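What the coordinates show
Here are the chains, one letter per residue:
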Amino acid sequence: MFPPDFSSRTRSLLGDEYRLLEAALQDDATVSVRINRDKNAEEPSAERVPWCETGYYLPERIAFTFDPLFHAGAYYVQEASSMFLEQVVKAYIEEPVRCLDLCAAPGGKSTHLCSILPANSLPVCNEVIRSRANILAENLIKWGNPNVVVTRNDPADFGRLTHFFDLIVVDAPCSGEGMFRKDPRSAGQWSLSNVTLCAARQRRILRDVWNALKPEGICIYSTCTYNTEENEENLAFLIEELGAEALPVPLQAEWRVTGALKYPYPAYRFFPHKTKGEGFFMAVVRKVGGRVGETPDYGFGKENRKKSKAQSLFPDEVKSRLLHPENFHIERRGNAIQAFPVRQSDVFQYLAGRLSFVSSGLCLGEIKGKDYLPAHALALSRELNRDSFAAIALSREEAILYLRKETLVLPGEKGYALVCYKDLPLGFVKRLENRTNNLYPQEWRIRHE
Ligand code: SAM
């Protein structure tokens, strides 16, 4: 069933336990979700993922595409083992941070970071592949945090930002052995040469980005594979070649997390025959200081953002759409109106000149003639002032029609209205004299039957 080289290598790694792993891989993959508490989403009455406060195992896979709450960003479907990130953040991140999630699409760890980093942190979520970067941006818009940047850059582009980030997450592209159960195609794509290629690429990614981590900053390295070349050997590379110090993460015995299988450094392995989740590896290191003086003075927070003339050229009503307009710089760029968190706006500006932005801050809408058109991102943002729009509660059937971008008949006062399902916003419609325009983004609409 599995590639013979994979079986023999993993058997020599695990000894007798390999039988148990192979048996566990015949079972169905677990299904788990992480709830978005920033949206006050309802928590399911289901078994909790023990290492993640908002993680739940579902008894079976549901058709998420046809659940309007999924599109409202009420939850993210995420493999349980990777939610262990929460324990690292709990153990090591106390103050607001500038955080780079370097290999971020489709957004499992990015949305999680948005939920668990201290308030006023700035997650920069990067994905090098264009189509995947767009999916990442979509998932982050649904999650609704206005204080986030999505970029599409090579790891080396970040390496030029000397000592910029307090925290870097490298959830590296890998040979995917841990996904054999969840995605059986990954077994067909496995090869020994790909393991070697992945391990070398992971080291290149780590080396390329390393300069961007502050002295004393934290780097979280993870993969979803079992072999030691892509895991412990790369942890050893971080320690022995890049001079990092490995850090322990507090564990509870009942989680049945496995330690490192090579080298005496702390590392965290999730095997499906022991822990309820898919195969996963995580290690945490601190960049050893000593060269703090080399950190450039970025000058953030010292001067006010230069006011562009365009800043005031948007209707007053725009501010009323936000819950806390005083926390945002609002700018008009062309016809688009964009909000940036005041506390980070100089950082946004600095990065905009150096990275390839896919999205940043919160898009509030656009000006068309005399009209202000609210953006879809505003409907899904936790910063939306819901009282500033008429709201329409949709049934499940109406919500699916809306998400398919079909025509809805919604009588009521003319103008923009927020459509909601189970009290969570799904997007906007515009009611006219005798019809309702469905403003759901064309490229996001549900296409399958
Ligand atoms: N962190 C994501 C999450 O939690 O949803 C999963 C990331 S996935 C394991 C690895 C990502 O790295 C993929 O999206 C892939 O496109 C990206 N990637 C591929 N080659 C890369 C490279 N050379 N440098 C950086 N990222 C790369």
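Presented here is an overview of the structure given in this document. (Residues numbered from 1 in each chain as written. Predicted model: local features only at pLDDT ≥ 70, side-chain atom pairs only at ≥ 80, totals over all residues. Heavy atoms only, no water.)

1. Points about the sheet that holds strand β13 (residues 336–341)
The antiparallel open sheet is built from 4 strands, whose spatial order is β12-β13-β15-β16. A single partner strand is all that each edge strand has here, and the edge strands are β12 (328–333) and β16 (371–374). Adjacent strand axes in the sheet meet at a mean angle of 25°, parallel and antiparallel pairs treated alike. As paired elements, strand β15 (residues 362–368) and β16 share 4 bridges and run antiparallel to each other. Paired with I367 across the bridge in β16 is Y372. (Pairing = 2+ DSSP bridges. Helix = DSSP H or I, 4+ residues; strand = E, 2+ residues; numbered from the N terminus. Axes fitted to C-alpha atoms, helices over the stretch in contact; angles between N-to-C directions.)

2. Structural notes on the packing of aromatic side chains
According to the stated counting rule, one finds 29 aromatic pairs in the structure shown. With centroids separated by 5.5 Å and ring planes inclined at 5°, the aromatic side chains of Y298 and F300 adopt a geometry described as stacked. Each member of the aromatic cluster is reached from another via a ring pair, and the members are F2, F6, F180, W190, Y226 and F271. The ring of F389 has R321 lying over it, and the distance from NZ or CZ to the ring centre is 4.0 Å. (Phe/Tyr/Trp six-rings, centres within 6.5 Å; stacked < 30°, edge-to-face > 60°. Lys NZ or Arg CZ within 6 Å of the ring centre and 35° of its normal.)

3. Regarding the nonpolar core
Counting residues in hydrophobic clusters, the biggest one holds 39 residues, and the most contacted among them are F158, F165 and V170. For this core, the secondary-structure elements that each account for two or more residues are β5 (122–126), β7 (165–171), α9 (192–210), β8 (213–223), α10 (232–240), β9 (244–247), β11 (280–287) and α12 (345–352). Setting aside residues no more than four positions away along its own chain, F165 makes contact with R98, C99, L100, V124, F158, A212, L213 and K214. The next biggest cluster of nonpolar side chains, apart from the first, holds 30 residues, and it includes V33, I35, L380 and A399. (Core = buried A, V, L, I, M, F, W, Y, C linked by side-chain atoms within 4.5 Å. Buried < 20%, exposed > 50% of the residue type's maximum accessible area, 1.4 Å probe, protein only. Contact = heavy atoms within 4.5 Å.)

4. Overview of the packing of helix α5 (residues 108–116) against helix α6 (residues 130–143)
Running from amino to carboxyl end, α5 crosses α6 at an angle of 30°, the nearest separation of the two axes being 9 Å. One way to sum up the angle between α5 and α6 is to call them roughly parallel. α6 is crossed by α5, and the crossing has right-handed handedness. Contacts from S110, T111, C114 and S115 of α5 reach α6 at L136, N139, L140 and W143. (Parallel < 35°, antiparallel > 145°, perpendicular 65-115°, else oblique. Left-handed = near helix turned anticlockwise from the far one by under 90°.)

5. Things to note about the environment of L242
Along the chain, L242 falls in the loop between α10 and β9. Relative accessible area serves as the criterion here: at 16%, L242 is assigned to the buried category. For the pair L242 and S345, spaced 103 residues apart in sequence, the C-alpha separation works out to 32 Å. Once you skip the residues sitting within four places of it in the chain, L242 turns out to touch L206, R207, W210 and F237.

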